[in-house]
Amino acid sequence: MGGKQDQDEEAYGKPAKYDPSFRGPIRNRSCTDIICCVLFFVFILGYIAVGILAWVYGDPKQVLYPRNSTGAYCGVGENKEKPYLLYFNIFSCVLNTNIIAIAQNGLTCPTSQQVLQSLQQELCPSFLLPSTPALGRCFPWTNSTVPELPGISNTSISQSISGLLDSLNARDISVKIFEDFAQSWYWILVALGVALVLSLLFILLLRLVAGPLVFVLIIGVLSVLAYGIYHCWEEYRVLRDKGASISQLGFTTNLSAYRNVQETWLAALIILAVLEGVLLLMLIFLRQRICIAIALLKEASRAVGYMMSTMFYPLVTFAFLLVCIAYWAIIALFLATSGQPQYVFWAPNSSLPGCEKVPMNTSCDPTALLVNSSCPGLMCVFQGYQSTGLAQRSLFNLQIYAVLGLFWTINWVLALGQCVLAGAFASFYWAFHKPRDIPTFPLGSAFLRTLRYHTGSLAFGALILTLVQIARVILEYIDHKLRGAQNPLTRCILCCFKCCLWCLEKFIKFLNRNAYIMIAIYGKNFCVSAKNAFMLLMRNIVRVVVLDKVTDLLLFFGKLLVVGGVGVLSFFFFTGRIPRLGKNFENPQLNYYWLPIMVCILGAYLIASGFFSVFGMCVDTLFLCFLEDLERNDGSADRPYYMSKSLLKILGKKNKGTPGDKKRKK
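Residues numbered from 1 in each chain as written. Predicted model: local features only at pLDDT ≥ 70, side-chain atom pairs only at ≥ 80, totals over all residues. Heavy atoms only, no water.

K.L.:
So what exactly am I meant to see when it comes to the layout of surface pockets here?
P.N.:
Gaps left between atoms are located by rolling a probe of water-molecule size over the structure's atoms. Taken as a whole, the largest pocket holds about 1700 Å³ of empty space. Residue lining of the largest pocket: 49 residues in total, with Gln418, Arg513, Ser609, Ser613 and Val614 positioned closest to the centre. For the lining of the largest pocket, the secondary structure elements donating two or more residues are α13 (313-336), α15 (395-429), α17 (455-481), α18 (488-522), α20 (541-574) and α21 (594-632). (1 Å grid on protein atoms, 1.4 Å probe; cavity = no way out; pocket = protein on both sides within 12 Å on 5 of 7 lines; lining within 4 Å. Points joined across faces, edges and corners; volume = space filled by probe spheres on them. Helix = DSSP H or I, 4+ residues; strand = E, 2+ residues; numbered from the N terminus.)

K.L.:
Looking at this model, I keep getting lost on the confidence of the model for the protein. Mind explaining?
P.N.:
Low pLDDT means the predicted atomic positions in that stretch should not be read closely. Averaged over all residues, the pLDDT of the protein equals 77, while 70% of them reach at least 70. Confidence drops under a pLDDT of 50 for residues 1-5, and excluding neighbours within four residues, the segment shows zero contacts in the predicted structure. Considering only residues more than four positions removed or in separate chains, one finds that residues 658-666, a stretch of pLDDT under 50, has 13 contacts. (pLDDT = per-residue confidence, 0-100. Contact = heavy atoms within 4.5 Å.)

K.L.:
Explain the pattern of salt bridges here, please?
P.N.:
Once the charged atoms of two side chains with opposite charge are near each other, the side chains can pair. Scanning the model with the defined rule gives twelve salt bridges in all. The residue Glu299 makes a salt bridge to Arg302 at a minimum N-O spacing of 3.1 Å. With a gap of three residues between them, Glu299 and Arg302 both fall in helix α12 (residues 287-306), about one helical turn apart. As far as the burial class goes, Glu299 and Arg302 line up, both buried. The network of salt bridges with shared partners includes Arg472, Glu505 and Lys509. (Salt bridge = Lys/Arg side-chain N within 4 Å of Asp/Glu carboxyl O. Buried < 20%, exposed > 50% of the residue type's maximum accessible area, 1.4 Å probe, protein only.)

K.L.:
Any chance you could explain the packing of α15 against α21 here in plain terms?
P.N.:
Two quantities define a packed helix pair, namely the angle between the axes and the distance from one axis to the other. As a packed pair, α15 and α21 sit with axes 9 Å apart at the nearest point and diverge in direction by 50°. The angle between the axes of α15 and α21 places the two elements in the oblique class. For the pair α15 and α21, the sense of crossing is right-handed. Contact residues: Gln418, Leu421, Ala422, Phe425, Ala426, Phe428 and Tyr429 in α15; Val614, Met617, Cys618, Thr621, Leu622, Cys625, Phe626 and Asp629 in α21. Among the residues making up the contact of α15 with α21, the classes are represented as twelve nonpolar, two polar and one charged. (Axes fitted to C-alpha atoms, helices over the stretch in contact; angles between N-to-C directions. Parallel < 35°, antiparallel > 145°, perpendicular 65-115°, else oblique. Left-handed = near helix turned anticlockwise from the far one by under 90°. Nonpolar A, V, L, I, M, F, W, Y, C, P; charged D, E, K, R; others polar.)

K.L.:
What am I meant to see in the environment of Ala402 here?
P.N.:
With respect to the helices, strands and loops of the structure, Ala402 is situated in helix α15. Ala402 gets classed as buried once you look at its relative accessible area, which sits at 3%. Sequence separation between Ala402 and Leu335 is 67 residues; the distance between their C-alpha atoms is 9.9 Å. Each residue touching Ala402, except ones within four places of it in the same chain, is listed here: Tyr47, Trp328 and Ile331.

K.L.:
Looking at this model, I keep getting lost on the packing of α15 against α18. Mind explaining?
P.N.:
Orientation of α15 relative to α18, taken along the N-to-C sense of each, is 50°, at an axis distance of 8 Å. Comparing the axis directions of α15 and α18 gives the class oblique. In this structure, the crossing between α15 and α18 has a hand that is right-handed. Every residue of α18 that contacts α15 at Ala415, Gln418, Cys419, Ala422, Gly423 and Ala426 is listed here: Arg513, Tyr516, Ile517, Ile519, Ala520 and Ile521.

K.L.:
For this particular structure, what's the right way to read unusual backbone geometry?
P.N.:
Only a minority of non-glycine residues have a phi that is not negative, and only a minority of peptide bonds are not trans. A cis geometry characterises the amide bond from Lys434 onward to Pro435, with omega recorded as 5°. You can see Pro435 is positioned in the loop between α15 and α16 (442-453).

K.L.:
What is the right way to read the nonpolar core from this model?
P.N.:
One recurring pattern in soluble globular proteins: nonpolar side chains tend to sit buried together. One finds Phe615, Phe626 and Met643 to be the most contacted residues of the largest nonpolar core, which totals 118 residues. At 19 residues, the largest contribution of residues to this core is made by α21. Other than its neighbours up to four places away in sequence, Met643 contacts Tyr429, Phe626, Asp629, Leu630, Leu648 and Leu651. Among the nonpolar cores identified, the runner-up in size contains eight residues, and Tyr343, Cys355, Cys375 and Cys380 belong to it. (Core = buried A, V, L, I, M, F, W, Y, C linked by side-chain atoms within 4.5 Å.)

K.L.:
Just to check I follow, could you spell out helix α9 (residues 206-242) for this structure?
P.N.:
Side chains of residues three or four places apart in an α-helix project in the same direction, reflecting 3.6 residues per turn. Along its 37 residues, α9 runs 51 Å from first to last C-alpha, staying within 8% of the 54 Å computed at 1.5 Å per residue. The axis of α9 is deflected most strongly, by about 30°, at Pro212. (Expected span 1.5 Å × (residues − 1). Bend = angle between axes of the 7 residues up to and from the residue.)

K.L.:
Honestly, the state of the cysteines in this entry has me stumped. Any pointers?
P.N.:
Every disulfide links exactly two cysteines, by a covalent bond between their sulfur atoms. Per the counting criterion, the structure on display carries zero disulfides. Summary of cysteine pairing: Cys499 is not part of a disulfide, and the nearest cysteine sulfur, belonging to Cys503, is at 4.3 Å. (Disulfide = S-S within 2.5 Å.)

K.L.:
Help me out: how do you make sense of a nonpolar patch on the surface in this one?
P.N.:
Together, Trp185, Tyr186, Leu189, Val190, Val194, Leu198 and Leu569 give the surface a local cluster of nonpolar side chains, amounting to about 630 Å² of exposed area. Considering each element in turn, the nonpolar patch owes the most residues, six residues, to helix α8 (residues 171-204). (Patch = residues over 30% accessible without salt bridge, like charges linked within 9 Å, V, L, I, M, F, W, Y side chains within 5 Å. Areas by Shrake-Rupley, 256 points an atom, 1.4 Å probe, with all protein chains shown as cover.)

K.L.:
Help me understand the packing of aromatic side chains, please; the structure alone is not making it clear to me.
P.N.:
What characterises a pair of aromatic rings is the spacing of the ring centres plus the angle enclosed by the ring planes. In the structure shown here, the tally under the stated rule is 23 aromatic pairs. Both rings, one in Tyr186 and one in Trp187, keep their centres 5.3 Å apart while their planes meet at 80°; by these two values the pair is edge-to-face. Overall, the relative accessible area of 41% leaves Tyr186 in the partly exposed class. Residue Trp187 is classed as buried on the basis of its relative accessible area, which comes to 14%. Through a chain of ring-to-ring contacts, the aromatic side chains of Phe40, Phe41, Phe43, Tyr47, Tyr327, Tyr401, Trp408 and Trp412 assemble into a single cluster. In this arrangement the basic side chain of Lys434 is found over the ring face of Phe428, its NZ or CZ atom lying 5.5 Å from the centre. Just above the ring of Tyr429 sits the side chain of Lys434; from NZ or CZ to the centre is 5.8 Å. (Phe/Tyr/Trp six-rings, centres within 6.5 Å; stacked < 30°, edge-to-face > 60°. Lys NZ or Arg CZ within 6 Å of the ring centre and 35° of its normal.)

K.L.:
Help me understand the environment of Phe574 in this model?
P.N.:
Here Phe574 shows up in helix α20. In the structure, Phe574 is positioned 15 residues away from Gln589 in sequence and 8.3 Å away in space, judged by C-alpha atoms.

K.L.:
Any chance you could explain the environment of Glu299 here in plain terms?
P.N.:
By relative accessible area, which is 7% here, Glu299 ends up buried. The spatial distance from the C-alpha of Glu299 to the C-alpha of Tyr429 is 8.9 Å, given a sequence separation of 130 residues. Contacts of Glu299, omitting those with residues within four sequence positions, involve Phe428, Lys434, Leu622 and Ser644. A distance of 3.1 Å separates the side chain of Glu299 from the side chain of Arg302, its partner in a polar contact. (Polar contact = N/O pair within 3.5 Å; in protein donor to acceptor, adjacent residues only side chain to side chain.)

K.L.:
Looking at this model, I keep getting lost on the side chain of Asn633. Mind explaining?
P.N.:
Looking at the secondary structure, you find Asn633 in the loop between α21 and α22 (645-651). Side chain to side chain, Asn633 and Asp629 meet in a polar contact 2.5 Å long. Among the polar contacts listed, one links the side chain of Asn633 to the backbone oxygen of Pro640, at a separation of 3.4 Å.

So this is what it looks like as structure tokens:
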């Protein structure tokens with residue numbers, strides 16, 4: 001036994017040694033990973049420079065507002081009173097997919113020329129139709145009719161216009177959705193408030209019901225598996241009596257056919273029976289570790305109760321994430337509209353007599369009148385944005401830089417939240433007298449301490465995760481491009497690569513999370529913290545697995561309870577199955593009752609995820625502190641345990657101090 005223990009210590013490092021000066025998160029610490037910190041700040045400055053460059057060269061009005069053929073924006077500046085663009089020839093839009101390009105050819109009809117000459121030169125529309133606005137452009141009504149033209153019927157016109165309106169204008173649906181939100185926004189907020197209260201109560205009540213709830217859930221899982229075994233046996237017995245065998249069926253791609261053979265149900269029965277046996281053995285032989293996990297869940301609930309401000313820290317993370325995403329979206333919009341628009345000659349039928357003299361697809365001036373009757377329908381249309389200039393020549397590189405900035409900043413913000421919460425919860429565990437020894441502002445102190453000393457370490461961990469995520473994005477892009485041409489072997493190789501990168505990302509997230517906990521406690525750099533956390537967990541791998549699965553099961557049930565409860569209440573209320581709550585609180589009359597229901601469910605899920613993410617971070621932090629406590633201390637007067645009395649009782653340990661030392665104990 002001694003040799004095996006020595007080998008384990010040699011493989012996964014030696015247990016932490018007692019440090020008489022350690023009293024929780026180190027206060028006297030220095031900056032870590034300075035090189036990565038400098039690199040991160042330089043990158044942020046470059047990110048700001050990209051934003052400035054995009055702002056200088058980009059013009060989002062090119063997307064937000066339509067242009068007429070003179071290049072002027074509709075609804076802006078001197079055309080502020082003219083917000084809509086009128087199509088001279090709606091058939092050009094029907095025959096051309098570049099709606100924005102054709103939309104830029106509406107001219108102000110001159111009054112000084114003869115009407116016939118203006119029509120021949122297509123300076124004025126040859127007919128007008130009742131229209132409705134869509135995206136700042138005038139589209140005819142679907143029941144509008146015009147004189148019959150060669151090759152075009154009123155039916156085709158109506159169908160084409162209807163298609164345009166269906167694809168570009170969802171005004172009626174949008175108005176109804178807006179009306180539904182106007183009628184139900186108050187009740188949506190009430191539902192989100194209910195989700196918040198349920199999430200908070202569930203976490204706070206875990207200190208009382210964690211034990212019974214975990215065992216009820218475990219028994220529930222065992223019962224479901226037992227029923228599955230019974231059902232598989234019944235199906236197997238019936239098919240066995242009928243003589244339905246896989247040898248009679250043979251190989252087929254119709255998977256549903258395998259439901260009618262006895263071997264399928266026999267295999268399912270064996271798999272479920274093995275799972276049932278494994279879970280029962282785990283419940284018998286790992287009951288002490290399950291009890292430790294339950295005690296840690298109770299302690300986490302207690303920690304949250306003492307530091308309620310931690311439950312609302314996800315709002316800070318959400319605000320930072322919103323800034324990161326909004327900044328990237330603005331940069332992407334400005335980069336996409338950088339450059340001046342280019343116009344070229346275009347005609348519906350360039351093969352007609354008189355058009356061969358016109359250099360089609362060559363540059364033209366949209367502000368100049370096209371007086372050329374020899375080529376019918378000749379227009380100067382929008383082709384695209386010029387590719388010259390600093391921003392245009394480096395457009396792809398700037399977009400890649402912006403995407404990298406998006407991933408890195410988002411991962412850094414998430415890392416900041418994890419490290420801050422870990423610092424706050426670690427100060428709770430290492431307080432010998434709770435709550436007297438807990439710092440006055442544990443969350444604020446952890447936030448300032450993390451920003452001051454560990455920005456570089458957070459950037460280091462976030463960068464590693466970002467590179468893996470970028471690799472996954474590139475692989476998904478390649479898979480999408482080659483999906484039509486790839487053979488089965490290529491598909492298998494890409495699938496293996498994607499699976500490996502997914503596993504690598506999950507492992508890095510797990511390693512980073514625990515590294516940030518060690519950084520928050522001891523103030524060391526990222527690599528040392530990651531190594532120490534990994535070695536500590538590997539020395540207690542069975543406890544890690546049990547705690548992780550018990551916590552996942554409990555938090556899954558909590559999310560199911562909150563989201564399911566809010567969803568059911570929202571469904572019964574918005575569908576009118578719950579009667580009016582009072583004279584001034586009537587059920588809203590909705591066009592689409594499912595819309596506020598989906599908003600309530602999504603909001604409840606986000607709220608529950610935010611609260612339970614804090615609780616999960618608390619459990620992980622207390623668990624690492626618990627493992628460190630076991631290795632550092634032995635319960636003597638000089639080296640007392642910091643864990644709770646329930647954990648001491650489960651482990652069969654106690655603090656052996658003198659009567660004077662009892663004053664230090666809780």
